[in-house]
Amino acid sequence: MREAHPIERAVGMAYYASDSDGTGGRLRDSPADFRVRELEAFDTQPADAPTGDYPWLVVRATLHEWDTNDFARELANTVGMSRERVRWAGTKDRHAVTTQLFAVRDLDAAQVPEIRNADIEVVGRAGRGLEFGDLAGNAFEIVVRDPDAPERAAAVADELAAFGGGTVGTPNYFGQQRFGSKRPVTHEVGLAILRDDWEAAAMAYLGAPTEHEPADSQRAREYVAETRDWTGALAEFPQRLRYERTMLHELADGGSFRDAVETFPSNLQQLFVHAAQSYVFNRIVSERMARGLPFGEPVAGDVVWFADSDADAAVAQPDAARQQRVTDSRVDVMARHCERGRAFVTAPLVGTDTEFADGDPGEITRGVLDDLDLSRADFDLPGEFDSAGSRRAILLRPDLTVSHDPLAFEFALPSGSYATVVLREFLKPSPLAL
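So, here's what we can say about the structure.

So, how was this worked out
Residues numbered from 1 in each chain as written. Predicted model: local features only at pLDDT ≥ 70, side-chain atom pairs only at ≥ 80, totals over all residues. Heavy atoms only, no water. Helix = DSSP H or I, 4+ residues; strand = E, 2+ residues; numbered from the N terminus. Rg over C-alpha atoms; globule rule 2.2 N^0.38 Å. Buried < 20%, exposed > 50% of the residue type's maximum accessible area, 1.4 Å probe, protein only. Contact = heavy atoms within 4.5 Å. Areas by Shrake-Rupley, 256 points an atom, 1.4 Å probe, with all protein chains shown as cover. Lys, Arg positive; Asp, Glu negative; His and termini not counted. Charge placed at Lys NZ, Arg CZ, Asp CG, Glu CD. Salt bridge = Lys/Arg side-chain N within 4 Å of Asp/Glu carboxyl O. Core = buried A, V, L, I, M, F, W, Y, C linked by side-chain atoms within 4.5 Å. Polar contact = N/O pair within 3.5 Å; in protein donor to acceptor, adjacent residues only side chain to side chain. Pairing = 2+ DSSP bridges. Axes fitted to C-alpha atoms, helices over the stretch in contact; angles between N-to-C directions.

**Thoughts on the overall build of the chain**
Part 1 of the argument: On a plain count of helices and strands, the chain comes out with 13 helices and 14 strands.
Part 2 of the argument: At 22 Å, the chain has a C-alpha radius of gyration in line with the 22 Å of a compact globule built from 434 residues.
Part 3 of the argument: With respect to the three principal axes, the spread of C-alpha positions in the chain is 60 × 55 × 45 Å.
Part 4 of the argument: The 434 residues of the chain split such that 53% are buried.
Part 5 of the argument: Sequence separation of at least 24 residues holds for 73% of the intrachain contacts in the chain that already meet a minimum separation of 6.
Part 6 of the argument: Of the accessible surface of the chain, which amounts to about 18800 Å², a share of 43% is contributed by carbon and sulfur atoms.
Part 7 of the argument: Treating the 46 positive side-chain charges of the chain as one cloud and the 72 negative ones as another, the clouds have centres 1 Å apart.

Printed below as a string of structure tokens:
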């Protein structure tokens, strides 16, 4: 079993599912080389529907080099409203061309502004804002530039087909972007929050420099870690580090470490604990691989979720309401359901209400939590940080098309899954190249 890059191992992604060398190459040479289009699953009314019943205006934006959070802030600022009144279903990366929905509360269609590097069209109105779960999935068109050995893609695909039980399959890891590509600390902030250590949470975000970020950022983080001089740190931190500067203003004004962490927008506050959950999930998945347990079929003790019958077949999703614990007598039956795409083996996104699996899968989860000194009760948190938990399929089976001249990949994934988790198997680069 091939070990992952050290940066990936730091966020719980310990292994590759394929042993072959990768193609090499670069992603995102230009934003047009990485195209993402949301597969929408959100009902709207006509744009002239009454605003009293449908206060949210829904728009579709094609963004060139816009991070989702930054675009939402720019949209809100341009029309003179709070960023909290802009909602979306999935966060997209800056170094791409992305097409996604946004819902804006109390905005008329005629008020939609022009924003640089963004094409915005009105879709309609809705009675509520977008939320995670309102997105069926994402379709990707990705070009790899200057691969060292593009012919290796065939061998990788064969190995992934063996892992997936006949069709290309990869572990459904949370990708590096979940934790921060160049500075993976969001899970460290979340783990500190779970341990009720707000000082460690704040300092994990403010301090902890890495060699992969700009030199001025490194110096600023070293300064604040060494001095705890909040006012002096404001002179050190570059203007582009907006969240850090907001935290420092709060601390300089006498606020607590918890107050500083709570200066983040509500969706980013949630992201910290979600990143900690994601890290735990990655650790569980990696341990399952280390033990040689299958991903495309269950073992006794697993918790299986049946497929959502209403979901697009291209991005089939498990249905939380249709759960089955796998007993010894049901292993073969459930294996057939999984083989046909009718069910998914799952692992927990641990929260207060998480039910552990039995047998080896349950032992793996308990072992990871023990190693991290965490329990379900730790997720009973104040405000935006609380999480009841859920489960997530452990295997991705994308319908993958590979072409050459240039080397390119087309596929779709269910919401919450990462294209880079598929591509890392084929390229096997440093995560910084993804």
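**A few points about the pattern of salt bridges**
Part 1 of the argument: Applying the stated criterion to the full structure yields 29 salt bridges.
Part 2 of the argument: As a salt-bridge pair, E213 and R221 come within 3.0 Å of each other at their nearest N and O atoms.
Part 3 of the argument: Accessibility expressed as a relative area gives 9% for E213, which makes it buried.
Part 4 of the argument: Take R221: its relative accessible area is 3%, and that puts it in the buried class.
Part 5 of the argument: One salt bridge in this structure joins R240 and D216, with 2.6 Å as the shortest N-O distance. Note that R240 is positioned in the loop between α7 (230-236) and α8 (242-252) and D216 in helix α6 (residues 215-227), a separation of 24 residues in sequence.
Part 6 of the argument: Overall, the relative accessible area of 44% leaves R240 in the partly exposed class.
Part 7 of the argument: For D216, a relative accessible area of 27% gives the class partly exposed.
Part 8 of the argument: Because the salt bridges share partners, they merge into one network encompassing D70, R73, R94 and R242.

**Some points on the nonpolar core**
Part 1 of the argument: Formed by 95 residues in total, the largest nonpolar core has its most connected members in F34, I193, F409, F411 and F426.
Part 2 of the argument: When residues of this core are assigned to their parent elements, the largest contribution, 11 residues, is made by helix α10 (residues 266-290).
Part 3 of the argument: If we ignore the near neighbours within four places in the chain, the residues touching F409 are F140, E141, I142, V144, L400, T401, V402, L423, F426 and L427.
Part 4 of the argument: A61, W66, F71 and A72 belong to the second-largest nonpolar core, a separate cluster that totals 17 residues.

**As for unusual backbone geometry**
Part 1 of the argument: D405 connects to P406 through a cis peptide bond whose omega is 0°.
Part 2 of the argument: Phi angles above zero are rare outside glycine, and D196 is one such case at about 60°.
Part 3 of the argument: With respect to the helices and strands, the residue D196 is situated in the loop between α4 (186-194) and α5 (198-206).
Part 4 of the argument: Since its relative accessible area comes to 59%, D196 is described here as exposed.

**Thoughts on the side chain of N282**
Part 1 of the argument: Looking at where N282 falls in the secondary structure, it is placed in helix α10.
Part 2 of the argument: Of the residues examined, N282 reaches a relative accessible area of 0% and is grouped as buried.
Part 3 of the argument: Engagement of the side chain of N282 in a polar contact is seen with the backbone oxygen of V11, the distance being 3.1 Å.
Part 4 of the argument: Dropping the residues within four chain positions of it, N282 is found in contact with V11, G12, M13, Y173, F174 and F179.

**Describing the sheet that holds strand β8 (residues 303-307)**
Part 1 of the argument: Within the open sheet, the four strands sit side by side as β9-β8-β10-β11. Their pairing is antiparallel. In this open sheet, the two strands that pair with only one neighbour each are β9 (318-325) and β11 (390-393). Ignoring strand direction, the axes of neighbouring strands in this sheet form an average angle of 50°.
Part 2 of the argument: Sheet analysis places β8 next to strand β10 (residues 343-349), joined by four bridges and oriented antiparallel.

**Points about the side chain of S415**
Part 1 of the argument: Here S415 is to be found in the loop between β14 (407-414) and α13 (419-427).
Part 2 of the argument: Take S415: its relative accessible area is 13%, and that puts it in the buried class.
Part 3 of the argument: A polar atom in the side chain of S415 sits 3.0 Å from the side chain of Q317.

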